[in-house]
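# Fold and geometry: a report
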Amino acid sequence: QVHLVESGGGLVQPGGSLRLSCAASGSDDTIYTMGWYRQAPGKQRELVATITRRGHTNYVDYADSVKGRFTISRDNVKNTVYLQMNSLKPEDTAVYYCKMVVGPGYVDNWGQGTQVTVSS
């Protein structure tokens, strides 16, 4: 298993932007999929975006609620995944969790989360 640490959360006004980062350490195994999930108080954790490396091509998937506003990217040298969040809305307020699927065995690894609050 790997250790994941999220950063970049904070308080931002509606319409503002925020960039989250998640860095993995503690393993030399291949990271197949990197992704972001979020959980608001009293709600289930939901997928925000994922990025999967297949050869030299990255495949991305976004929740409908964030399409056109959020962009996920990854740096395989730094073992880091990013989430650029633009045009933020109050409903984006949640704890954002990083997830990475690591081989061998395709094991899910989770970070501890970073708080994002969108409020005026």
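Here we summarise the structure given alongside this text. (Residues numbered from 1 in each chain as written. Predicted model: local features only at pLDDT ≥ 70, side-chain atom pairs only at ≥ 80, totals over all residues. Heavy atoms only, no water.)

Turning next to the pattern of salt bridges. Tallied over the full model, the rule gives 5 salt bridges. Among the salt bridges present, the one from aspartate 64 reaches lysine 67, with a minimum N-O distance of 3.1 Å. Here aspartate 64 falls in the exposed class, since its relative accessible area comes to 65%. Residues arginine 69 and aspartate 92 are paired through a salt bridge, measuring 2.8 Å at the closest nitrogen-oxygen approach. Placement of the pair is arginine 69 in the loop between strand E6 (57–62) and strand E7 (70–75) and aspartate 92 in the loop between strand E8 (80–85) and strand E9 (94–102), with a sequence separation of 23 residues. Exposure class is identical for arginine 69 and aspartate 92. Each is buried. By sharing partners, the salt bridges in this structure join Arg38, Glu46, Arg69 and Asp92 into a single network. (Salt bridge = Lys/Arg side-chain N within 4 Å of Asp/Glu carboxyl O. Buried < 20%, exposed > 50% of the residue type's maximum accessible area, 1.4 Å probe, protein only. Helix = DSSP H or I, 4+ residues; strand = E, 2+ residues; numbered from the N terminus.)

One finds Trp36, Val81, Leu83, Met85, Tyr96 and Met100 to be the most contacted residues of the largest nonpolar core, which totals 30 residues. Residue contributions to this core peak at 5 residues, all from E9. Setting aside its immediate chain neighbours within four residues, valine 81 contacts Leu20, Ser21, Cys22, Met34, Trp36, Ile51, Ile72, Ser73, Arg74, Cys98 and Met100. (Core = buried A, V, L, I, M, F, W, Y, C linked by side-chain atoms within 4.5 Å. Contact = heavy atoms within 4.5 Å.)

This part is about the environment of glycine 16. Tracing the sequence through the fold places glycine 16 in the loop between strand E2 (10–12) and strand E3 (18–25). Of the residues examined, glycine 16 reaches a relative accessible area of 18% and is grouped as buried. Here the alpha-carbon distance between glycine 16 and tryptophan 110, two residues 94 residues apart in the chain, equals 27 Å. Not counting chain neighbours up to four residues away, the residues in contact with glycine 16 comprise Met85, Asn86, Ser87 and Leu88.

Here we come to the packing of aromatic side chains. When we look at a pair of aromatic rings, we describe it by the centre distance and by the angle of the planes. A complete count under the given rule lists 2 aromatic pairs for this structure. Aromatic side chains tyrosine 32 and tyrosine 106 sit 4.3 Å apart centroid to centroid with 25 degrees between the ring planes, which places their arrangement in the stacked category. Taken together, the residues tyrosine 32 in strand E4 (residues 31–39) and tyrosine 106 in the loop between E9 and strand E10 (107–110) connect sequence positions 74 residues apart. The class of tyrosine 32 is partly exposed, set by a relative accessible area of 25%. The ring of tryptophan 110 carries arginine 45 above its face, with NZ or CZ at 4.7 Å from the centroid. When the ring centre of tyrosine 59 is taken as origin, the NZ or CZ atom of arginine 54, which lies over that ring, is 4.8 Å away. (Phe/Tyr/Trp six-rings, centres within 6.5 Å; stacked < 30°, edge-to-face > 60°. Lys NZ or Arg CZ within 6 Å of the ring centre and 35° of its normal.)

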